[in-house]
Amino acid sequence: MTTSPLTDSAVAAPPSTAPPIPRSSWLALVVILVAEMLDGLDALITSIGGPALLADLDGGPALLQWTAAAYTLSMASGLLIGGRLGDMFGKRRLFLIGMVGFTLGSLLSACAPVAWVLILGRVLQGLLGALMLPQGMGMIRTLFPGEHAAKAFGLFGPMMMVAGIGGPILAGVLMDLDPFGLSWRSLFAVNVIPCVLAIVAGLRLLPRESSTRSLSLDWTGAVLSAAGMAAIVYPLVEGRELGWPAWTLVVLAGGVALLGVFLVQQRRRSRAGRDALVEPSLFRNRTFLAGLAIMLVFFGGTGAIGMITALFLQMGLGMSPLLTSIVTISEALGMMLGMAAAAKLGGTRRTMAIGMVIAALGQLLTLLGIAAQGAAVDAWLLTPMMLIAGIGIGIAMGPTFSIIITGVSDAEAGSASGALTSVQQISTALGVSTLGSLFFAIASGSASPVLGFAHGLEAALAINVLLIVLAMGLLRFLPQRAAEDAEDI
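Here's what I pulled together on the structure shown here. This is a predicted model, so every value here is computed, not measured. (Residues numbered from 1 in each chain as written. Predicted model: local features only at pLDDT ≥ 70, side-chain atom pairs only at ≥ 80, totals over all residues. Heavy atoms only, no water.)

Here we look at the pattern of salt bridges
Here's step 1: On inspection of all chains with the given rule, the structure shows two salt bridges.
Here's step 2: Residue Asp-56 pairs with Arg-185 through a salt bridge whose shortest N-O separation is 3.4 Å. Here Arg-185 lies in the loop between helix H8 (156-177) and helix H9 (186-189) and Asp-56 lies in helix H3 (residues 50-57), a separation of 129 residues in the sequence.
Here's step 3: With its nearest N and O atoms 3.8 Å apart, the salt bridge here joins Arg-269 to Asp-218. Separated by 51 residues along the polypeptide, Arg-269 in helix H12 (residues 246-271) and Asp-218 in the loop between helix H10 (192-205) and helix H11 (219-242) bring together distant segments of the chain. Across this residue pair, the class does not change: Arg-269 and Asp-218 are buried. (Salt bridge = Lys/Arg side-chain N within 4 Å of Asp/Glu carboxyl O. Helix = DSSP H or I, 4+ residues; strand = E, 2+ residues; numbered from the N terminus. Buried < 20%, exposed > 50% of the residue type's maximum accessible area, 1.4 Å probe, protein only.)

The following block contains the structure:
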């Protein structure tokens, strides 16, 4: 005997007996979501103001790379200890400290008189943002107990999509309106008012939690990991303009060595029974290592292409920031559609492969479209190809975290999640530094600005397609499906 879906639903899902969530908890959730959105916006909007920033501060192409890389690099470094500090001193306190620091970093960036002050402001934003962001998840579990938590967490995806779509548009509108003659500075100044409102509301609404001061914090590991990542990124950004002197290669090798020392230090700390930033057993886990490699090559390349495309449209084709944001929004829309499609396709390795194939196809079509038009590139003809690439990226991104986490033990899951989030950030910094340097190197060697920037973007796209293919080859080391997805492939 068959029953209607309504009958099944009525039997399977009895009326909830959980007490309703108070209005103050929903308002507190808004404060947490504002912090998440500001992080998403600041990671995206600076590429739109890049040419104006470069003309004002005259820092050379490396300044544009550092504007993006300094934020993601410091964010990646801080995330390793941000969550633990929240457990030690209280999530509410660390969230508010992080929000205040993020606000000050935004102000410093907006008021920067010279390039190094801007980079310092971006580092401050990233480090304090890394204190702020990890606390939100824990506070949501306090604010929304039991079955209500799923509703609260379900708002994160749509909010991040709003940030991904709205960020470039907001940047374009600000640059086009040029309020108070601030030019690119408005991209950072716009953070201040929502940050201040969130701080005031957070003082009143965010839940107070007990802290665990007895927990230990691995400052040595934090310094080693941050120094290693910085030593790798620095020569990749500065090397081209300096002509790759020997010391840049020494610093690069030193960065790799420092990360090796970090792994040894983590292993020794764990054997001594002390808390480690990253569980050492993860680095003997083939699934986890393959997942790290996939995130490095896939997110590193795709993350950098967005910035490079925006620079090509403005510096190569002379488009306004507003028109640039409208053209590039097609990829963000594609990512939103792709993530929705991934939810339908299921959390499987096949879903990731489908997404990567579509992403590679979209990037290859974009490359061919630019190459076919030569110096007479019509940016509007590229939007369908960028939409296809965005759909593929969104589909591939959807199940990535859940599939990788499936391959680790319950005891390793928390450490793996933090490490993967940090690697996602550092991969963007590495992609911006390497592909950005290639883009400017090719552009500077051409007599025609349009063709030079076009050839630079073509080269970056070609390498990214190869990186996506490499990521596809590594998929074979991942589980077939995420733990919660029981469907056969």
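Notes on the nonpolar core
Here's step 1: Counting residues in hydrophobic clusters, the biggest one holds 97 residues, and the most contacted among them are Phe-288 and Met-356.
Here's step 2: For this core, the element with the most residues is helix H13 (residues 286-316), which contributes 16 residues.
Here's step 3: Setting aside residues up to four positions removed in sequence, Phe-288 forms contacts with Leu-282, Phe-283, Ile-404, Val-408, Ala-416, Ala-419 and Leu-420.
Here's step 4: Met-139, Cys-195, Ala-198 and Leu-206 belong to the second largest nonpolar core, which has 29 residues in total. (Core = buried A, V, L, I, M, F, W, Y, C linked by side-chain atoms within 4.5 Å. Contact = heavy atoms within 4.5 Å.)

Here we look at the side chain of Thr-72
Here's step 1: Secondary-structure assignment places Thr-72 in helix H4 (residues 61-89).
Here's step 2: Given the relative accessible area of 7%, Thr-72 is considered buried.
Here's step 3: Sequence-distant contacts of Thr-72, that is, excluding residues within four places in its chain, are made with Gln-425, Thr-428 and Ala-429.

Things to note about helix H15 (residues 349-373)
Here's step 1: When the terminal C-alpha atoms of H15 are compared, their 37 Å separation across 25 residues agrees well with the 36 Å that a helix rising 1.5 Å per residue should span.
Here's step 2: A positive backbone phi angle near 65° is found at Gly-374, which sits one or two residues after H15. (Expected span 1.5 Å × (residues − 1).)

Comments concerning the packing of aromatic side chains
Here's step 1: This model, assessed by the stated rule, comprises eight aromatic pairs.
Here's step 2: Taking the centre distance of 6.1 Å and the plane angle of 35° together, the rings of Tyr-234 and Trp-247 count as tilted. Highlighted residues: Tyr-234 in helix H11 and Trp-247 in helix H12, separated in sequence by 13 residues.
Here's step 3: Among the residues examined, Tyr-234 registers a relative accessible area of 34% and is labelled partly exposed.
Here's step 4: Using a relative accessible area of 39% as the deciding quantity, one classes Trp-247 as partly exposed.
Here's step 5: When the centroid spacing of 5.5 Å and the interplanar angle of 85° are considered together, the rings of Phe-298 and Phe-299 count as edge-to-face. For the pair Phe-298 and Phe-299, one class covers both residues: buried.
Here's step 6: Through pairs of rings, three or more aromatic residues link up here, namely Trp-66, Tyr-234 and Trp-247.
Here's step 7: Above the ring of Phe-477, the side-chain terminus of Arg-476 is found at 4.7 Å from the ring centroid. (Phe/Tyr/Trp six-rings, centres within 6.5 Å; stacked < 30°, edge-to-face > 60°. Lys NZ or Arg CZ within 6 Å of the ring centre and 35° of its normal.)

Some points on the environment of Pro-280
Here's step 1: Topologically, Pro-280 is positioned in the loop between H12 and H13.
Here's step 2: Put simply, Pro-280 and Gln-266 are 14 residues apart on the chain and 6.2 Å apart in space, counted from C-alpha to C-alpha.
Here's step 3: Among all residues touching Pro-280, those that are not within four sequence positions of it are Gln-266, Arg-267 and Ser-270.

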